[in-house]
Amino acid sequence: APTLPVTQLTGAGAEFRDGFQESIGEGENIQVYTLYAATAAQVLLDAIARSDGTREDIITQVFATDLTDLATGDMAFDENGDPADGTEQLFKADGAQAKWVWEKSLTATE
């Protein structure tokens, strides 16, 4: 999977998760892609702030993103527009518990 479980976030990601959890209530689960949507919003808002206001420059600024401490950690993009330090998450099926259990993060070279 491309997303780290929300329970594994550290630093600013953990702070964002905890604050978001407080705002939605303890009985509600944070869905895994929620924090990635928050990161996308953080990237876009930063790009807009650095742009000259045109759509073209906003897109240019998105590709020039190099941010730290976002909801899911650091974010920059490579020449293809992919996350520069993208990872995949390894999960193992646990039949006894009938759920997927996160094992570890893997980089593209592993």
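Shown above is the structure to which this text applies.
What counts as what
Residues numbered from 1 in each chain as written. Predicted model: local features only at pLDDT ≥ 70, side-chain atom pairs only at ≥ 80, totals over all residues. Heavy atoms only, no water. Core = buried A, V, L, I, M, F, W, Y, C linked by side-chain atoms within 4.5 Å. Buried < 20%, exposed > 50% of the residue type's maximum accessible area, 1.4 Å probe, protein only. Helix = DSSP H or I, 4+ residues; strand = E, 2+ residues; numbered from the N terminus. Contact = heavy atoms within 4.5 Å. Pairing = 2+ DSSP bridges. Salt bridge = Lys/Arg side-chain N within 4 Å of Asp/Glu carboxyl O. Phe/Tyr/Trp six-rings, centres within 6.5 Å; stacked < 30°, edge-to-face > 60°.

Draft legend 1. The nonpolar core, seen in detail. Grouped together as the largest cluster of nonpolar side chains are 7 residues: Val43, Ala47, Ile58, Val62, Leu67, Leu70 and Met75. Elements that contribute at least two residues to this core include exactly helix H2 (32–50), helix H3 (55–63) and strand E1 (66–70). If we ignore the near neighbours within four places in the chain, the residues touching Ala47 are Ile58, Gln61 and Val62. Judged by nonpolar contacts, the second largest core, of 5 residues, contains Leu4, Leu9, Ile30 and Leu35.

Draft legend 2. Fine view of the pairing of strand E4 (residues 99–107). Here 8 bridges tie strand E3 (residues 87–94) to E4, and the two strands are oriented antiparallel to one another. Bridging from a neighbouring strand, Asp94 pairs with Lys99 of E4. In sequence, E3 turns back onto E4 through a hairpin of 4 residues, with Ala98 there showing a positive phi of about 55°.

Draft legend 3. Examining the pattern of salt bridges more closely. Counted by the stated rule, this structure contains 3 salt bridges. Across the salt bridge formed by Asp46 and Arg50, the nearest N and O atoms sit 2.7 Å from each other. Pair noted here: Asp46 and Arg50 are both in helix H2, with a separation of 4 residues, about one helical turn. For Arg50, a relative accessible area of 33% puts it in the partly exposed group. For Glu103, the salt bridge is made with Lys92, and the minimal N-O distance between the two is 3.9 Å. Of this pair, Glu103 sits in strand E4 while Lys92 sits in strand E3; the two residues are 11 residues apart in sequence, bridging distant segments of the chain. The class for Lys92 is partly exposed, based on a relative accessible area of 47%.

Draft legend 4. Just the side chain of Gln61, in detail. Position of Gln61 among the secondary structure elements: in helix H3. Overall, the relative accessible area of 15% leaves Gln61 in the buried class. With residues near it in sequence (within four places) discarded, Gln61 still touches Ala47, Arg50 and Ser51.

Draft legend 5. Structural detail: the packing of aromatic side chains. By the definition in use, this model includes 2 aromatic pairs. Summarising the aromatic geometry, the rings of Phe16 and Phe20 are spaced 6.4 Å apart at their centres and angled 10° between planes, so their arrangement reads as stacked. You can see Phe16 and its partner Phe20 sitting in helix H1 (residues 11–24), 4 residues apart, about one turn around the helix.

Draft legend 6. A look at unusual backbone geometry. A positive phi angle, near 60°, is found at Asp69, a position not held by glycine. Take Asp69: it is sitting in strand E1. Look at Asp69 and you get exposed, because its relative accessible area is 56%. Even without glycine at this site, Ala98 takes up a positive phi of about 55°. By the element assignment, Ala98 lies in the loop between E3 and E4.

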